[in-house]
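This is what each chain is made of:
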Amino acid sequence: MLVLGIETSCDETGIAIFDTERGLLSHALHSQILLHSEYGGVVPELASRDHIRRVLPLIKQALHSADCHLHQLNAIAYTQGPGLAGALLVGASIGAGLSFALNIPALGIHHLEGHLLSPLLSRPAPAFPFVALLVSGGHTQLMRVNAVGDYHLLGETVDDAAGEAFDKTAKLLGIDYPGGAALAKLAQQGRPGHFNFPRPMLNSGNLNFSFSGLKTAALTLINKQDITEQIRADIACAFQQAVVDVLTEKSLAALAQTGLKQLVVAGGVGANTELRNTLNHRAANQNATVFYPELEFCTDNGAMIAFAGAMRLQTTLHQNWQPARSFTVKARWDLERIEQSDD
Ligand code: KG4
Ligand code: ZN
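Attention in this report is confined to the structure presented alongside it. (Residues numbered from 1 in each chain as written. Chains lettered and ligands numbered in written order. Predicted model: local features only at pLDDT ≥ 70, side-chain atom pairs only at ≥ 80, totals over all residues. Heavy atoms only, no water.)

**Topic: the overall build of the protein chain**
Inference 1: The secondary structure content of the protein chain amounts to ten helices and ten strands.
Inference 2: Against the compact-globule benchmark of 20 Å for 343 residues, the protein chain has a radius of gyration of 20 Å, which places it among compact chains.
Inference 3: Dimensions along the principal axes, computed over C-alpha positions, put the protein chain at roughly 65 × 45 × 35 Å.
Inference 4: With 343 residues in all, the protein chain has 54% of them scored as buried.
Inference 5: Looking at the protein chain alone, contacts between residues at least 24 apart form 72% of all its contacts between residues at least 6 apart.
Inference 6: In the protein chain, the 24 positive side-chain charges and the 31 negative ones have mean positions that sit 1 Å from each other. (Helix = DSSP H or I, 4+ residues; strand = E, 2+ residues; numbered from the N terminus. Rg over C-alpha atoms; globule rule 2.2 N^0.38 Å. Buried < 20%, exposed > 50% of the residue type's maximum accessible area, 1.4 Å probe, protein only. Contact = heavy atoms within 4.5 Å. Lys, Arg positive; Asp, Glu negative; His and termini not counted. Charge placed at Lys NZ, Arg CZ, Asp CG, Glu CD.)

**A word on the sheet that holds strand S2 (residues 12-19)**
Inference 1: If you trace the five strands from one edge of the open sheet to the other, you get S3-S2-S1-S4-S5, paired in mixed fashion. Unpaired on one side and paired on the other, strand S3 (23-31) and strand S5 (106-110) mark the two borders of the sheet. Along the sheet, successive strands turn relative to each other by an average axial angle of 20°, direction set aside.
Inference 2: Taken together, the five bridges between strand S4 (residues 75-81) and S5 define a ladder with parallel strand orientation. Bridging from a neighbouring strand, isoleucine 76 pairs with alanine 106 of S5. (Pairing = 2+ DSSP bridges. Axes fitted to C-alpha atoms, helices over the stretch in contact; angles between N-to-C directions.)

**Some points on the pairing of strand S9 (residues 262-266)**
Inference 1: By the criterion of burial, S9 is predominantly enclosed, with five of the five residues buried.
Inference 2: Residues Gln262, Val264 and Ala266 of S9 are buried on one face, and the alternating residues Leu263 and Val265, pointing to the opposite face, are buried as well.
Inference 3: As judged from the four bridges shared by strand S6 (residues 130-135) and S9, these two strands associate in the parallel manner. Looking across to S9, one finds that alanine 132 is bridged to valine 264.
Inference 4: Two elements, S9 and strand S10 (residues 289-291), share three bridges in a ladder whose sense is parallel. Residue pairing for S10: valine 264 is matched across the bridge by phenylalanine 291.

**Here we look at the packing of aromatic side chains**
Inference 1: As enumerated under the stated definition, the model contains four aromatic pairs in all.
Inference 2: Ring centres of phenylalanine 18 and phenylalanine 307 lie 5.2 Å apart, and the angle between their planes is 80°; on these two criteria the pair is classed as edge-to-face. Taken together, the positions of phenylalanine 18 in strand S2 and phenylalanine 307 in helix H10 (residues 303-314) put the pair 289 residues apart, joining distant regions of the chain. Each of the two residues, phenylalanine 18 as well as phenylalanine 307, counts as buried.
Inference 3: For the pair phenylalanine 128 and phenylalanine 130, a centre-to-centre distance of 5.5 Å together with 15° between the ring planes defines the contact as stacked.
Inference 4: On the basis of relative accessibility, which here comes to 0%, the residue phenylalanine 130 falls in the buried class.
Inference 5: Across from the ring centre of tryptophan 333, 4.2 Å away, lies the NZ or CZ of lysine 330, which sits over that ring. (Phe/Tyr/Trp six-rings, centres within 6.5 Å; stacked < 30°, edge-to-face > 60°. Lys NZ or Arg CZ within 6 Å of the ring centre and 35° of its normal.)

**Some remarks on the site of ligand 1**
Inference 1: Taken together, 18 residues surround ligand 1, and among them Gly137, Asp167, Gly268, Asn272 and Asp300 come closest.
Inference 2: One of the side-chain nitrogen or oxygen atoms of histidine 115 is found 3.2 Å away from an oxygen atom of ligand 1.
Inference 3: Against a free-state accessible area of 560 Å², the protein chains account for coverage of 86% of ligand 1.
Inference 4: Residue assignment for the shell around ligand 1 shows that the elements contributing at least two residues are helix H4 (111-117), helix H5 (162-172) and helix H6 (180-187).
Inference 5: Element by element, the count of residues in the shell around ligand 1 is highest for H5, at three residues.
Inference 6: Residue classes in the shell around ligand 1 are distributed as five nonpolar, eleven polar and two charged. (Near = heavy atom within 4 Å. Polar contact = N/O pair within 3.5 Å; in protein donor to acceptor, adjacent residues only side chain to side chain. Areas by Shrake-Rupley, 256 points an atom, 1.4 Å probe, with all protein chains shown as cover. Nonpolar A, V, L, I, M, F, W, Y, C, P; charged D, E, K, R; others polar.)

**What about the packing of H6 against helix H8 (residues 229-258)?**
Inference 1: Their axes nearest at 7 Å, the elements H6 and H8 cross at an angle of 110°. With respect to H8, the element H6 is oriented roughly perpendicular. The handedness of the crossing between H6 and H8 is left-handed. Across the interface between the two elements, Leu183, Ala184, Leu186 and Ala187 of H6 pack against Glu229, Arg232, Ala233, Ala236, Cys237, Phe239 and Gln240 of H8.
Inference 2: In terms of residue class, the contact of H6 with H8 is built from eight nonpolar, one polar and two charged. (Parallel < 35°, antiparallel > 145°, perpendicular 65-115°, else oblique. Left-handed = near helix turned anticlockwise from the far one by under 90°.)

**Comments concerning the packing of helix H7 (residues 212-224) against H8**
Inference 1: With their axes 11 Å apart at the nearest point, H7 and H8 run at an angle of 160° to one another. Comparing the axis directions of H7 and H8 gives the class roughly antiparallel. Between H7 and H8 lies a crossing whose hand is right-handed. Residue-level contacts link Leu214, Ala218, Leu221 and Ile222 of H7 to Ile235, Phe239, Ala242 and Val243 of H8.
Inference 2: Residue composition of the contact of H7 with H8, grouped by class: eight nonpolar, no polar and no charged.

Treat this as a map of the structure, not an account of what it does.
Right, here's the structure in full:
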């Protein structure tokens, strides 16, 4: 079965074609980072308009690279939420329109389900059940994943998401939005241990996180110091180490609590090399294995949506998929309540 995936929940237009027999056939992506960078964050109205401009050319491009025709598609999977309502509406309306015109099912996919199943696109792939650490710009959650659609929340951030903390601290260091990857690069020049940031909620006795205090710690240091290039790098290094330590400790605690030996890391912050190195090292000491998506599928993309759609088509969860006659988007949508229809 050929599934077209459409991702438009935030600032990336992602399109992909996944074949349940042959795997991922093609994917195409347009990032709006440059469009939003002069505003220091995503401007929702500009995001929606840009998705409208990009989505059809990218679908044509993905079909062409996969060497297949629109009429060969068996289903359309689009991101239904959570995300920016206007941006989601672009993908949902194109997905529903194509589904109706081609008389094939339309599947509204949860964006975070896309992220957490994305490591299953790589080889070796984890087997169910596993623990997933979802670390993106909008979310930081630890989930127990029993099967497609069966997700149990173990812990989450009580304030900022890890990616949001990276972006806010990067901004304080004069790095353009979204600054996570650039901050990580700057941190490589930092002197480990030169500054020491707090490890929020490390000993809270649960699997929740808190990251909003870290940008305050960074701001306090910035206000106290002569900010040389070396000091900027030292602050980036200390900030990153604090986030990595907390994410690592809580992920290992989640493995211990569930008795599982597989950890899946998904979302944009999962691209962070320091996080990967630390997690790999610490998990190996506990005979656990860590799985990541390919680097290009850590941040938002269409491949994870096409794949999640294909997984859902193949499960027995929904056997009566119909061509779309209407559609809704869910700007807020709890992953644990994914099976409950509230529209
Ligand atoms: O998953 P994603 O593309 O979008 C959301 O659904 O939020 O994640 C984007 C986030 C941004 O906050 C970005 O700064 C962060 O992931 N990010 C990184 C790295 N690459 C992207 N954070 C730390 N280190 C990186 N290498
Ligand atoms: Zn995302």
